[in-house]
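# Geometric and topological summary
Spelled out from the first residue to the last, the chains are:
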Amino acid sequence: MSKDPVEIKREETPPKERIGIMGGSFNPIHSRHLDLAVSALKEGRLTRVLFLPTGNPPHKKEGLAPAEDRFEMTRLALIGKPLFTASRIELDRSGTIYTLDTLLLLKKQFPFAELFYIIGEDTLLDLPNWHQPDEVFALCHFLVSRRLSDNAAIPSMRQELEVRGARFTFLSLAPMDISSTDIRQSLSQGLEPNGLMPQVMEYIRIMGLYGVPASPPRAASFYPTLRSALSDKRLLHSLLVAHTARELAQIHGEDPDAAALAGLLHDCAKCLPLLELKRIAQEQHLLLDEETLASQSLLHGPVGAELTKTRYGIDDPNILSAIGCHTVGKVGMLPLDMILYLADKIEPSRTLYPALLEVRALAREDLVAGMNRMLQSTMEYVTTQKTALHPSTQRVADWLARLTPQESKRSEAHE
Ligand SMILES: [Fe+2]
Ligand SMILES: [Fe+2]
């Protein structure tokens, strides 16, 4: 049966994009920014949201992190959120940047899209002072978030601007007391503030931003190399493993810097194809069993330890050992080996598997108990999948099961 022409036409017209725009310094980005974007996405029926960190101002501004760092933190906070993207549109321009120019550039980039500028109530009051506000009103719709205190001037200003053609939708998101200023203040006092995503916290530590001591040592210099060696998803995972390993090291009296370094670099070879991993293993004369040599998901551990030494210049044997055995473990694992092995399996972005919550709790109480439960979970999984368990995993499980409580304590205290 032939289709109704009107129906055909409707199918051929692509749905109009509704793009939300979040401007700001993102100094640093925090959970309130994301909550606002989610609220705008739902209530504004947006198809996506662009985050536009501002560039470096012409004169140095006290407390403002460099633009590239603010952009990278924004990018890291949005990995795994396909409807949110960090845009360089304000970053790569110099001089005074007017919202009108940004909107005109976006209109050129997305000629068929409707633009929705996401602002706070305080910005609404400032709109008449913007550069050519009436032009701005013609180009975008405003999605407005409420602030903590009720400002009596808002309804009258809204009315006044609507007469001039401005279009406003107020978001229902409850006002909340999280601000970048408070976050920066907590950071400078040595605290880990609520509302900061762990990957952003780890980046702040690596680069030593906002008065936080740079840690782990040398990570700031190798970060660009690591970033280009990993996919975004793998980079996020690595930062989260570093964050978790650092926390476990603090709990169990181990070196937090060594744990964070091992976490950051543990998957540095993970994005290499198997052939390349084999070539490096052969070139470096790594003594490995056939099963490890045949598997990308096993071989990236020992090859990663090799690259950590040769490419990233880290020669601490404890860090190299932890990275080398993070895929299958080894008999006689030391606390740092266990910390990395567990952090890799329990970092916050891990999708739920049956033993996850239990392993998370045990890893904080007792590393050997956490390892035991994790290996038991691996063995259960292998049985249900009807695949073979790596012989090393079985040996580690047997070794752990034989450890007496005293021995397990000694193992924790660097036997
Ligand atoms: Fe790995
Ligand atoms: Fe990993």
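## With respect to the overall build of the chain
A count of helices and strands for the chain gives 21 helices and six strands. Over its C-alpha atoms, taken along the principal directions, the chain stretches across nearly 80 × 70 × 40 Å. For the chain, the proportion of its 415 residues judged to be buried stands at 38%. Taking as baseline every contact in the chain between residues at least 6 positions apart, the subset at least 24 positions apart corresponds to 69%.

## Let's talk about unusual backbone geometry
The amide bond that connects Asn 27 to the next residue, Pro 28, takes the cis arrangement and shows omega of 0°. For the peptide bond that leads from Ser 215 to Pro 216, omega is -5°, which places it in the cis range. Residue position: Pro 216 is located in the loop between helix H9 (198–207) and helix H10 (219–229). At Tyr 210, a residue that is not glycine, the phi angle is positive and equals roughly 55°. Tyr 210 gets classed as partly exposed once you count the C-beta atoms within 10 Å, which come to 18.

## So, the domain arrangement of the chain
Taken domain by domain, the chain consists of domain 1 (15–178) and domain 2 (237–412). Its C-alpha centre places domain 1 at a distance of 42 Å from the equivalent point of domain 2.

## A look at the environment of Leu 143
Looking at the secondary structure, you find Leu 143 in strand E5 (residues 140–145). By C-beta crowding, Leu 143 is classed as buried, having 27 other C-beta atoms within 10 Å. With 24 residues separating them in the primary sequence, Leu 143 and Arg 167 have C-alpha atoms 8.6 Å apart. If we ignore the near neighbours within four places in the chain, the residues touching Leu 143 are Gly 20, Ala 40, Gly 44, Phe 116, Ile 118, Thr 169 and Leu 171.

Quick notes on the rules
- Residues numbered from 1 in each chain as written.
- Chains lettered and ligands numbered in written order.
- Predicted model: local features only at pLDDT ≥ 70, side-chain atom pairs only at ≥ 80, totals over all residues.
- Helix = DSSP H or I, 4+ residues; strand = E, 2+ residues; numbered from the N terminus.
- Buried ≥ 20, exposed ≤ 12 C-beta atoms within 10 Å, placed from the backbone.
- Contact = placed C-beta atoms within 7 Å.
- Domains from an automatic or database assignment.

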